[in-house]
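The primary structure of each chain is shown beneath.
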Amino acid sequence: MILVTGGAGFIGANFVLDWLAGSDEPVLNLDALTYAGNLESLASLTGDARHVFVKGDIGDRALLDRLFAEHRPRAVVHFAAESHVDRSIHGPAAFIKTNVEGTFTLLEATRSFWSALDAPAKAAFRFHHVSTDEVYGSLSKTDAPFTETDTYEPNSPYSASKAASDHLVRAWHHTYGLPVVTTNCSNNYGPYHFPEKLIPLMIVNALAGKPLPVYGDGQQVRDWLYVKDHASAIRAVLAGGRPGEVYNIGGWNEKPNIEIVHTVCALLDEMRPDPAGSYSRLITYVTDRPGHDRRYAIDARKVERELGWRPAETFDTGIRKTVRWYLDNAGWVEHVQSGAYREWVDTNYSARAA
Ligand code: NAD
Ligand code: TYD
């Protein structure tokens, strides 16, 4: 079996669903169920013996040792993290705790288990660390996209904590020989995305007739990848990636935020017309994010050259599926908008003058 951490979050849940749709190899899913973890995203696996869920923290060494001893996974796929830049600005401590200390504890528990394996099992074992393009910093309009050898220049507490975890993973390979692979991926979007992030927030707010808050001038550029394409990239790297190597994963879809918001509005206008006119009337420019990175872009040629991976979705096909999914899953959306969610919306948006 494989041990997945953070498998009740956005990308982790999509990965687990994708994995079990294509394989009978069981998944041990360790997730602390923070505000971002949601077992409802995995409801279709209820009663499926291939999915073993454990509620717990990656910083809990005793729990990790017990899980390794009981389940003897052949690989770890590490998603668990605090993942939202704006939250990292309001409260960085949780990012250091989970992303840095938690990854350290997970690496140590993995190393302890891995060290005792026989030589073939040791060689076949993988620790797959899921990271972000944000560790490379911010690009200007004319800079070349990030490659795997670019220097690390993280700018937010989130990206700094992910950069630190990447360095730990690298060192555990270099020093102890742990067979690690790291993927640095661009912005994901798709089903089960928590509506604190740009695309689901815009869909959810538009449907509720609420303002669509665009930070600054809306000209910041991100590279967008449909989440199921990220899952297929991780499968490819886990199966064929070379230990110690880093692979950049991206969608070849660079877009300014304001264009994303207009696209979401146009799709909603088509699929669920707003009697008051176009949803784009709700677009509201608000105070920018402090230290806002201007542009991220991924050069994903290495993973294509070595492993033959390319995204299956274009932005047009992926965003259409995503908007459709949110319209068809109003129950999921309603349940994640709990009291804690409303408190976050207050914290993040009330001080941003329109
Ligand atoms: P998410 O916030 O939706 O999910 C994170 C999950 O980790 C949640 O289920 C949460 O309960 C769990 N978790 C948090 N702290 C934990 C802890 N201490 N122990 C165990 N579980 C814990 O995040 P996501 O968007 O699914 O991102 C997953 C991974 O992918 C992260 O490592 C993130 O840095 C990386 N990543 C995300 C994106 C993106 O666009 N979302 C892009 C590139 C890389
Ligand atoms: P986000 O989804 O938080 O991802 P990240 O910061 O990791 O790239 O934000 C994507 C972009 O959208 C980013 O440039 C910030 C911007 N943004 C807004 O303009 N308004 C919002 O309400 C949010 C949440 C993000």
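Residues numbered from 1 in each chain as written. Chains lettered and ligands numbered in written order. Predicted model: local features only at pLDDT ≥ 70, side-chain atom pairs only at ≥ 80, totals over all residues. Heavy atoms only, no water.

Asker: Tell me what's going on with the site of ligand 1, and back it up with residues and numbers.
Answerer: In the neighbourhood of ligand 1, 28 residues make up the surrounding shell, with I11, D31, S83, Y158 and K162 lying closest. Backbone polar atom of N188 to an oxygen atom of ligand 1: 2.8 Å apart, as the coordinates give it. Coverage of ligand 1 by the protein chains reaches 96% of its 840 Å² of free accessible surface. Looking at the shell around ligand 1, the elements with two or more residues in it are helix 1 (10-22), strand 5 (126-132), helix 6 (157-176) and strand 7 (187-189). Looking at the shell around ligand 1, the element that brings in the most residues is strand 5, giving 3 residues. Taken together, the residues of the shell around ligand 1 sort by class into 13 nonpolar, 12 polar and 3 charged. (Near = heavy atom within 4 Å. Polar contact = N/O pair within 3.5 Å; in protein donor to acceptor, adjacent residues only side chain to side chain. Areas by Shrake-Rupley, 256 points an atom, 1.4 Å probe, with all protein chains shown as cover. Helix = DSSP H or I, 4+ residues; strand = E, 2+ residues; numbered from the N terminus. Nonpolar A, V, L, I, M, F, W, Y, C, P; charged D, E, K, R; others polar.)

Asker: Just give me the short version of the sheet that holds strand 11 (residues 254-256), but keep the residues and values in it.
Answerer: If you walk across this open sheet you meet the 3 strands as 7-9-11, and the pairing is mixed. Bordering the open sheet on either side are strand 7 and strand 11, each of which pairs with just one other strand. The average angle at which neighbouring strand axes cross in this sheet is 50 degrees, direction not considered. With 3 bridges joining them, strand 9 (residues 221-226) and strand 11 adopt antiparallel strand pairing. When the sheet's bridge partners are listed, D223 is paired in strand 11 with E254. Helix 8 (residues 227-240) contacts strand 7 and strand 9 of the sheet and is inclined by roughly 70 degrees relative to strand 9. Packed onto the sheet, helix 9 (residues 257-271) meets strand 9 and strand 11 and runs at close to 85 degrees relative to strand 11. (Pairing = 2+ DSSP bridges. Axes fitted to C-alpha atoms, helices over the stretch in contact; angles between N-to-C directions. Contact = heavy atoms within 4.5 Å.)

Asker: I'd like to hear about the site of ligand 2, residue by residue, with values.
Answerer: What surrounds ligand 2 is a group of 17 residues, the closest being E134, P213, R289, H292 and Y349. At a separation of 2.6 Å, an oxygen atom of ligand 2 approaches a polar side-chain atom of E134. At a separation of 2.5 Å, an oxygen atom of ligand 2 approaches a polar side-chain atom of R289. Expressed as a share of its isolated accessible area of 510 Å², the protein-covered part of ligand 2 is 97%. Elements represented by at least two residues in the shell around ligand 2 include exactly helix 7 (198-207) and strand 8 (212-215). Each residue belonging to the shell around ligand 2 can be placed in one class, and the counts come to 7 nonpolar, 5 polar and 5 charged.

Asker: Tell me what's going on with the side chain of S88, and back it up with residues and numbers.
Answerer: Mapped onto the elements, S88 comes out in helix 3 (residues 85-90). In this structure the side chain of S88 is engaged in a polar contact, spanning 2.7 Å, whose partner is the backbone oxygen of V85. Ignoring anything within four residues of it in the chain, the contact list for S88 reads F95, S156, P157 and Y158.

Asker: I'd like to hear about helix 13 (residues 339-349), residue by residue, with values.
Answerer: Every buried residue belonging to helix 13 is among Y341, W344, N348 and Y349, and all of these are buried. Buried residues in helix 13, looked at end-on, bunch into an arc of 100 degrees, giving them a common side. Residues of helix 13 that are exposed and point more than 90 degrees away from the buried face comprise R342, E343 and D346. For helix 13, the elements touching its buried residues are helix 3, helix 7, strand 8 and helix 12 (330-336). (Buried < 20%, exposed > 50% of the residue type's maximum accessible area, 1.4 Å probe, protein only. Arc of directions from axis to C-beta.)

Asker: Outline the pattern of salt bridges, supporting the account with residue identities and numerical values.
Answerer: Opposite charge on two side chains permits pairing when their charged atoms draw close. Summed over the entire model, instances satisfying the criterion amount to 23 salt bridges. In this structure, a network of salt bridges that share partners links the residues R242, E245, K302 and E306. (Salt bridge = Lys/Arg side-chain N within 4 Å of Asp/Glu carboxyl O.)

Asker: Please provide a residue-by-residue account of the sheet that holds strand 5, values included.
Answerer: Strand order in the open sheet formed by 7 strands is 3-2-1-4-5-6-10, with parallel pairing between adjacent strands. Pairing within the sheet leaves two strands with one partner each, and these edge strands are strand 3 (51-55) and strand 10 (246-249). The sheet shows a mean angle of 20 degrees between the axes of neighbouring strands, taken without regard to direction. Across 4 bridges, strand 1 (residues 2-5) lies against strand 4 (residues 75-78) in parallel orientation. When the sheet's bridge partners are listed, I2 is paired in strand 4 with A75. Each of strand 1, strand 2 (27-31), strand 3 and strand 4 is contacted by helix 2 (residues 61-71), which is oriented at about 175 degrees to strand 2, the strand it contacts most.

Asker: Can you explain the packing of helix 4 (residues 93-115) against helix 6? Please cite residues and give values.
Answerer: Working note: a packed helix pair is described by the angle between its axes plus the distance between those axes. At a closest axis distance of 8 Å, the pairing of helix 4 and helix 6 adopts a crossing angle of 15 degrees. With respect to helix 6, the axis of helix 4 lies roughly parallel. When you trace helix 4 past helix 6, the crossing you get is right-handed. Contacts between helix 4 and helix 6 pair F95, I96, N99, V100, T103, F104, L107, E108, R111 and W114 from the former with Y158, S161, K162, A164, S165, L168, V169, W172 and Y176 from the latter. Counted by class, the contact of helix 4 with helix 6 contains 12 nonpolar, 4 polar and 3 charged residues. (Parallel < 35°, antiparallel > 145°, perpendicular 65-115°, else oblique. Left-handed = near helix turned anticlockwise from the far one by under 90°.)

Any functional reading would require information beyond the geometric quantities listed.
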